[in-house]
Amino acid sequence: MKIFSGVIEELRAQGVEILEVLESHPQEAVIRIKTEDFHRACLFMHKRLSSAVMAMFAADERKAKNAFEIFCVFLSREFQKWCILAADIPQDRPAFPSLARDIHSASFFEREIREMFGLEPEGHPDKRRLHLHDEVWPNGLFPLRKDFVVFGPVAPNGAAYCFNRVLGEGIFEVPVGPVHAGIIGPGHFRFSAAGEPIVNLEIRLGFTHRGVEKVFEHKTLDEAVRMAECVAGDTAFGHSWAFCQAIEKASALKVPARALYERAICLELERLYNHFAGIGGIALDVGFSFAAQFASVLKERVLRLNQRLTGSRYLKGVNRIGGVRRGFSRQDIQALLCEILSISGDHKELKQMLLTSVSFMDRVDETGVLRQKTARDLGVVGLAARASGVAMDLRKVFPDVYAGSDFRLITQERGDVLSRLRVRMEEVEESARLIIYFADRLADLAGAVAANFPLAAAGCALGAVEAWRGPVLYWVKVADGQVDRCKVVDPSFHNWPGLAFAVLGNIIPDFPVCNKSFDLSYAGNDL
Amino acid sequence: MWTILKNSFFKGLLTEKRVLPDIPPCPEIEGVGRELKKTILSLYGRSLHLREVDTGSCGACESEIVALSNPIYDIQRFGIDFVASPRHADALVVTGALSRNMVLALKKTYDAMPGPKFVITVGDCAMDGGAFGDSYYRARQGVQDIVGGAILHIPGCPPSPEQILSALLGFLQTRPPKER
Ligand code: SF4
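Because the structure is predicted, anything quoted here is derived from the model rather than measured. (Residues numbered from 1 in each chain as written. Chains lettered and ligands numbered in written order. Predicted model: local features only at pLDDT ≥ 70, side-chain atom pairs only at ≥ 80, totals over all residues. Heavy atoms only, no water.)

Novice: Even after reading the chapter, I still don't get the sheet that holds strand 9 (residues 188-194) of chain A, so can you show me in this structure?
Specialist: In a beta sheet, neighbouring strands are held together by backbone hydrogen bonds and run either parallel or antiparallel to one another. Residues and elements named next belong to chain A. Taken in spatial order, the three strands line up as 8-9-10 in an open sheet, and their pairing is antiparallel. The outermost strands of the open sheet, each flanked by one partner alone, are strand 8 (171-176) and strand 10 (198-204). Averaged over neighbouring strand pairs, the angle between their axes works out to 15 degrees when direction is ignored. Where strand 9 and strand 10 come together, six bridges link them in antiparallel fashion. Residue F191 lies in a different strand from strand 10, and its bridge partner there is L201. (Pairing = 2+ DSSP bridges. Helix = DSSP H or I, 4+ residues; strand = E, 2+ residues; numbered from the N terminus. Axes fitted to C-alpha atoms, helices over the stretch in contact; angles between N-to-C directions.)

The structure is reproduced here in structure tokens:
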């Protein structure tokens, strides 16, 4: 902590006036600065901590202080700390200088702030709306402002979405979606191709926008935990844990060890079933059905194991604030261990099946390369980043319950489909090992599975969990025992731009396998 | 190759004849499927082809629908299949809370389907928005105003593959869809 204050001094030396530093939790420092210094301070932190913008969001505080608040979250791996820069934006001048030209990872967040709050990122090169499509939503109606009221029909602003166009001889466009051939979420992909190779891919999302962040407001905390499980179905557990963690941090609640081990087991189970889905999906998209079906059986087995342990295939209803709802019994743990051992045995077979198939390797090797530099510049996170050689995993940065487990961070260097596949395969092995480790610990523990949670104190905090796809962030502000503002960041939001770069130079028929290797969530992105 | 042969030989047939006992009560899959097929046979000649559209779901409902095609449930053996194009579909399966952004796409998908056709909604979201019922971005019309009322709703968040399969049957037996 001492050392981190050095960073604050360096920031001050840059001429940034620091109004207040709040370190309510050892893993989190909130630095309040003036609006005019915001841009400079963010650039400095971005460089100094070598962190992408992990989250950027606003809050409507006009009632309390006639101003909006804007926050920019960086992750310091070195100091094991979330560093949150905060500034007020007076309501009579709802604008702030845009970071997008200097920090790409801020770009989408700024567009989001613009459409949701009506705060203008001055100098932003791209002002198209992400979630509120022009075809159905008017200008000047900002859902996340506190005085926004839901009403009946709204008149769209009538503008059509403007795709970037590639012009030139022989260039043609292939529009795909929003409804796709498979059973997946909706999104529009527009390929520009010259002959076979893709020269530009534009992804338009937002089709599953449901107003999640607004729906969170005024929910009681228990209701909000259930809500968090419905944000991204394949990461239901990661989301609910991140939400609970934010509240637990804000109210300085100590979660019992038993609950932490159970949570960690559930998080790894979630990783397992999704990784099997991903491995199977990659096999399916290159036409290797046997392996794909083999993986889908493994996924089903993990889902059934989830059902056996928690009563829910998608681990819903496990978390509560302060811990978990129900402790695993001895029989549960026994069943868990047996099944995990058998599943990892089958996974070895699957791995061999895939990696020894020449025709399969030919399709995935060197396909969809995301270079490390690109990944860093775009602020790609999680699994996709690790496959491109960016060694970042919150389980390493904030070990907490993982401390003592010898957690092995898995990376690959080349950033192609094969690398993402290999990261998944190795993470499956590592997760199985971790589950066994945690289960052993759990078997010797007795005691409560949840801390007593008195009525929520007012406050705010950031919860973060390394879910299977990457870090899930929840910034929650509580007032009157209810959620006042909840910002959700699913890793998909960071990673979709990565996909658009990875496919460049590949042929359109390889797009499905590239897409599957990233396996991004539409729901988590669109919120 | 050797791994494939070894595994297909030793693993044998994975498709389940029975539902696992620890999953909420529902009739035997095998029995369900055979009956379902009979009904489908009388309605559609050979098979029932479904097209799925996500109108703002969290993804878990899709995941369960995808699971129907894995070797354990193997829905295809009963003549039910999910198709890639609405032009090949007999019924539209709608999931999700119906975001305003999806209204047009949903309508177009339905319009592209040849008749006779009907709509099935899957998951609590698709019924009344579920957790997102009072969201500002939920389309005001509702599925019934855009593509006609669903003839079958399968509740759950998400419904399990067994529930989806047995719901399909129960419905087809009692109220055959009218031609539209
Ligand atoms: S019903 Fe539940 S599982 Fe299905 S889409 Fe809605 S929230 Fe997700």
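Novice: I'm lost on the environment of N157 of chain A in this one. Help?
Specialist: Residues and elements named next belong to chain A. For N157, the location among the structural elements is in the loop between strand 7 (120-122) and strand 8. Given the relative accessible area of 25%, N157 is considered partly exposed. Non-local contacts of N157, meaning those with residues more than four positions away in its chain, are made with R129, D134, W137, P138 and N139. (Buried < 20%, exposed > 50% of the residue type's maximum accessible area, 1.4 Å probe, protein only. Contact = heavy atoms within 4.5 Å.)

Novice: I would appreciate a short explanation of the side chain of N525 of chain A in the present structure.
Specialist: With respect to the helices and strands, the residue N525 of chain A is situated in helix 18 (residues 522-526). Setting aside residues up to four positions removed in sequence, N525 of chain A forms contacts with H131, L205, S492, F493 and W496 of chain A.

Novice: What should I look at first to understand the domain arrangement of chain A in this one?
Specialist: Interface size, as often reported, equals the accessible area lost upon joining of the parts. Domains assigned within chain A are domain 1 (5-122) and domain 2 (163-207 + 492-527). Distance from the C-alpha centre of domain 1 of chain A to the C-alpha centre of domain 2 of chain A: 31 Å. (Domains from an automatic or database assignment.)

Novice: Please clarify how the pairing of strand 10 of chain A should be interpreted in this entry.
Specialist: Moving residue by residue along a regular strand, the side chains alternate between the two faces of the sheet. Counting buried residues along strand 10 of chain A, five of its seven residues qualify, which places the element largely inside the surrounding structure. Between strand 9 of chain A and strand 10 of chain A, which pair antiparallel in sequence order, lie three residues; one of them, G195 of chain A, sits at a positive phi of approximately 70 degrees.

Novice: Please clarify how the sheet that holds strand 1 (residues 48-54) of chain B should be interpreted in this entry.
Specialist: Residues and elements named next belong to chain B. With respect to topology, five strands assemble into an open sheet ordered 2-1-3-4-5, the strand pairing being parallel. The open sheet has two free edges, formed respectively by strand 2 (80-82) and strand 5 (152-154), since each of these has just one partner strand. Averaged over neighbouring strand pairs, the angle between their axes works out to 25 degrees when direction is ignored. Its contacts with the sheet put helix 3 (residues 60-67) on strand 1, strand 2, strand 3 (91-95) and strand 4 (118-122), and the angle it makes with strand 3 is roughly 140 degrees. Here helix 4 (residues 103-111) sits on the sheet and contacts strand 1, strand 3 and strand 4; the angle it forms with strand 3, its principal contact strand, is near 165 degrees.

Novice: How should the interface of chain B and chain A be read in this particular structure?
Specialist: On the side of chain A, 56 residues touch chain B, which itself brings 53 residues to the contact. For the chain B and chain A pair, buried surface summed over both sides reaches about 4200 Å², with 63% attributable to carbon and sulfur atoms. When the buried area of chain B at its contact with chain A is split by residue, N101, F132 and Y136 of chain B rank highest and sum to 17% of it. There are two salt bridges connecting chain B and chain A. The closest approach of N and O atoms between E162 of chain B and R304 of chain A, which form a salt bridge, is 4.0 Å. For the interface between chain B and chain A, the tally reads 17 residue pairs in polar contact (both at pLDDT 80 or more). Ranked by the residues each element gives to the side of chain B that touches chain A, the list is headed by helix 3 of chain B, at seven residues. (Buried area = accessible area lost by both parts, 1.4 Å probe. Salt bridge = Lys/Arg side-chain N within 4 Å of Asp/Glu carboxyl O. Polar contact = N/O pair within 3.5 Å; in protein donor to acceptor, adjacent residues only side chain to side chain.)

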